[in-house]
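Geometric and topological summary
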Amino acid sequence: SQQGEEDPQALSIQEGENATMNCSYKTSINNLQWYRQNSGRGLVHLILIRSNEREKHSGRLRVTLDTSKKSSSLLITASRAADTASYFCATALFTGNQFYFGTGTSLTVIP
Amino acid sequence: NAGVTQTPKFQVLKTGQSMTLQCAQDMNHNSMYWYRQDPGMGLRLIYYSASEGTTDKGEVPNGYNVSRLNKREFSLRLESAAPSQTSVYFCASSVGHHTDTQYFGPGTRLTVL
C-alpha cells in the first residue's frame, strides 16, 4: 500500500502568494523528503526532515513534521512562476530498504 | 559531472519484445534504484541495489530484471514487454542507505503497443 499521500492534488495560486501542501503517511518513518518534478523531467530533492525534527527551512521552503499525526507540510513562500511543478513527499522507513513516494501535488503559479 | 544519465529517452515496443534500459551515475554512489511513474500516481520502486553486486525487489518487480554491472551502472530489463509496462522509468542513486537523498535521472518514456 502507498505510504504517502499529498493533499491537495492540485493547487493554483497567484505569483507572490504562499503555497501549502500536505503529506500523510501510515507507518513510522526514519525521515521524510520533499521532491519537485518539472514537467517531463526527473525529480529534484528539495529538503529532508528526520523523524526527530519538527521544522526545517531552506530558502523560501519551510517543512514541518508531526510524527504523532503522521503528517508533514511543505510551505513555499512568495511563490514564483518558476515554482510551477509537481511536488512529492517520500518516506524512508527504518527497515526494509523501502522508500515510498506519494501521489504528488500539482502546483501552478500564475504570473 | 553529469549526475545520473539514462538511455534511451524514448522507446516504443511491441508486446512481447524485450529491451534494456541503461542507467549510469558518476557520483560514486553506492545505492541505485529503478522506479516507474504512471499518470496520477507517485513513483513506485521496481528494484534497487544497495551496493555493487547486490540487488533486491521493490514494490513492483514482476516482469522486470536488473543487473548491477559495476558501481556506476544499473540496468533494467524487460524480457517480454506488456502494455501494462507503458510508463516513465526513472533511475536514481544515493550515497548509501535508502534513507539518504536520492538523485534522479531524466527518465525514459516507454510505450508498449
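Structure report, in brief. (Residues numbered from 1 in each chain as written. Chains lettered and ligands numbered in written order. Predicted model: local features only at pLDDT ≥ 70, side-chain atom pairs only at ≥ 80, totals over all residues. Heavy atoms only, no water.)

1. Remarks on the nonpolar core
The line we're drawing: To define a nonpolar core, start from buried Ala, Val, Leu, Ile, Met, Phe, Trp, Tyr and Cys residues and group those joined through side-chain atoms within 4.5 Å. Exposure categories follow from relative accessible area, calculated using a 1.4 Å probe and restricted to protein chains: below 20% of the type maximum is buried, above 50% is exposed, and the middle band is partly exposed. Starting at the N terminus, helices and strands are each numbered in turn, a helix being any DSSP run of H or I of at least four residues and a strand any DSSP run of E of at least two. Here, residues are in contact when the closest pair of their heavy atoms is within 4.5 Å.
Counting 23 residues, the largest nonpolar core has A:M21, A:L32, A:W34, A:L74, A:I76, A:Y87 and A:L107 as its most contacted members. Where this core is concerned, the elements lending two or more residues are β3 (19-25), β4 (31-37), β5 (43-50), β7 (61-66), β8 (71-76), β9 (85-92) and β11 (105-110) of chain A. Take this core: its biggest share by element is 4 residues, from β3(A). Those residues in contact with A:L107 that sit more than four places away from it in its chain are A:L11, A:I13, A:A19, A:M21, A:I76, A:D83, A:T84, A:A85 and A:Y87. In terms of nonpolar packing, the next biggest core, distinct from the first, is built from 20 residues, B:V4, B:L13, B:M19 and B:L78 among them.

2. Observations regarding the interface of chain B and chain A
So the rule is basically this: The term buried area denotes the loss of accessible surface (1.4 Å probe radius) that occurs when two parts are joined, taken as the sum for both partners. When a carboxyl oxygen of Asp or Glu is within 4 Å of a side-chain nitrogen of Lys or Arg, the pair counts as a salt bridge. Here a polar contact is taken to be a pair of N or O atoms separated by no more than 3.5 Å, where protein atoms must pair a possible hydrogen donor with a possible acceptor and residues adjacent in sequence count only if both atoms sit in side chains.
Listed per partner, the contact involves 21 residues of chain B and 23 residues of chain A. At the boundary of chain B with chain A, total buried surface from both sides reaches about 1,700 Å², with 52% on carbon and sulfur atoms. Linking chain B to chain A there are 0 salt bridges. Where chain B meets chain A, there are 4 residue pairs in polar contact (both at pLDDT 80 or more). Mapped onto the side of chain B that touches chain A, the elements with two or more residues apiece are β4 (31-37) and β5 (43-49) of chain B. Ranked by the residues each element gives to the side of chain B that touches chain A, the list is headed by β5(B), at 3 residues.

3. As for the state of the cysteines
Any covalent bond linking the sulfur atoms of two cysteines counts as a disulfide. Residue and element names in this part refer to chain B. Operational definition: The definition used for a disulfide is geometric: two cysteine sulfur atoms within 2.5 Å.
Applying the stated criterion across every chain yields a total of 2 disulfides over all chains. In this model C23 forms its disulfide with C91; the gap between the sulfur atoms is 1.8 Å. Measuring handedness by torsion sign, the sulfur bridge of C23 and C91 sits at about -70° and is left-handed. Remark: C91 occurs in strand β9 (residues 87-94) and C23 occurs in strand β3 (residues 19-25); sequence separation between them is 68 residues. An identical accessibility class is assigned to C23 and C91; each is buried.

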